[in-house]
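What follows is the residue order along each chain.
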Amino acid sequence: MNTGLSVLFVCLGNVCRSPTADGLLRSKVAAAGLTDRITVDSAGTGSWHIGSSPDPRARAAADACGISLDGLRARQIVAADLRRFDYVIAMDRMNYIDLCSLAAENDLPSRKIELFTDLAPDAVDDPDDGVPDPYAGGADGFRHVFEVIDSGTDVLLNRLRKQLTSA
Ligand code: 4NP
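A few points on the structure. Just so it is clear, the structure is predicted and the values come from calculations on it, not from any experiment. (Residues numbered from 1 in each chain as written. Predicted model: local features only at pLDDT ≥ 70, side-chain atom pairs only at ≥ 80, totals over all residues. Heavy atoms only, no water.)

## Some thoughts on helix H2 (residues 56-63)
Link 1 in the chain: Among the residues of H2, those classed as buried are Ala58, Ala61 and Ala62. The arc enclosing the buried residues of H2, seen along the axis, measures out at 100°, which places them on a common side.
Link 2 in the chain: Buried residues along H2 sit in contact with helix H1 (17-31) and helix H5 (139-165).
Link 3 in the chain: The residue sitting at the N-terminus of H2 and contributing the capping side-chain oxygen is Asp55; that oxygen lies 2.8 Å from the backbone nitrogen of Arg57. (Buried < 20%, exposed > 50% of the residue type's maximum accessible area, 1.4 Å probe, protein only. Helix = DSSP H or I, 4+ residues; strand = E, 2+ residues; numbered from the N terminus. Arc of directions from axis to C-beta. Contact = heavy atoms within 4.5 Å. Polar contact = N/O pair within 3.5 Å; in protein donor to acceptor, adjacent residues only side chain to side chain.)

## Here's the deal with empty space enclosed by the protein
Link 1 in the chain: The tally for this structure, following the rule as stated, stands at one cavity of 30 Å³ or more.
Link 2 in the chain: Empty space within the largest cavity amounts to approximately 30 Å³.
Link 3 in the chain: Lining the largest cavity are Thr20, Ala58, Ala61, Phe142, Val145 and Phe146.
Link 4 in the chain: Residue assignment for the lining of the largest cavity shows that the elements contributing at least two residues are H2 and H5.
Link 5 in the chain: Per element, the largest residue contribution to the lining of the largest cavity is three residues, and it comes from H5.
Link 6 in the chain: Classifying every residue of the lining of the largest cavity gives five nonpolar, one polar and no charged. (1 Å grid on protein atoms, 1.4 Å probe; cavity = no way out; pocket = protein on both sides within 12 Å on 5 of 7 lines; lining within 4 Å. Points joined across faces, edges and corners; volume = space filled by probe spheres on them. Nonpolar A, V, L, I, M, F, W, Y, C, P; charged D, E, K, R; others polar.)

## A word on the site of the ligand
Link 1 in the chain: Neighbouring the ligand are Cys11, Leu12, Gly13, Asn14, Val15, Cys16, Arg17, His49, Asp133 and Tyr135.
Link 2 in the chain: Between the ligand and Val15, the relevant distance is 3.0 Å, taken from an oxygen atom to a main-chain nitrogen or oxygen of the residue.
Link 3 in the chain: Bound to the protein, the ligand loses 87% of the 350 Å² it would expose on its own.
Link 4 in the chain: Across the shell around the ligand, the residue classes tally to five nonpolar, three polar and two charged. (Near = heavy atom within 4 Å. Areas by Shrake-Rupley, 256 points an atom, 1.4 Å probe, with all protein chains shown as cover.)

## Remarks on the pairing of strand E1 (residues 5-11)
Link 1 in the chain: Where burial is concerned, most of E1 is hidden: seven out of the seven residues are buried.
Link 2 in the chain: Side-chain alternation along E1 places Leu5, Val7, Phe9 and Cys11 on one buried face and Ser6, Leu8 and Val10 on a second face that is also buried.
Link 3 in the chain: Where E1 lies against strand E2 (residues 38-44), seven bridges are found, and the strand directions are parallel. Within the sheet, the bridge partner assigned to Ser6 lies in E2 and is Thr39.
Link 4 in the chain: Relative to strand E3 (residues 87-90), E1 runs parallel, the two sharing four bridges. By the bridge assignment for E3, Leu8 is matched with Val88. (Pairing = 2+ DSSP bridges.)

Printed below as a string of structure tokens:
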């Protein structure tokens, strides 16, 4: 039996998409009574927002659905994260490419890096691009991103549960 699993979501700024995924999966993990077995975190490939709370628009979209992003603070990914986490989930294609480069530069395998929309390809128009970046848009974009991430984190939680119970 697996004793514990860990998931890191990665976007560009770590203030919109990956903290939304972090907050959503944490909440689902808690509701499933699995907080002591599944670790959830998020990070950005960029450094601009280090130390910042999630974007108020991401917080509003999450709050409207009863999900709190309180307490999350942006940080930048480091190579050690690629060793430490079981799953490293890139929110979009560019994040995925950047993570694969970070792995290659540090002689680490890229096999644990996945694209978020591979979890829920039907939730977006172009799953190959990943979750759209809502930063330059309005509240509608943030609501859409929340829904996409809600679908994908459901699929991910199911997978984690199966893995925890498999021999
Ligand atoms: P995120 O969105 O990657 O989902 O956190 C963005 C946040 C900030 C910027 C771009 C995207 N930015 O250019 O500062």
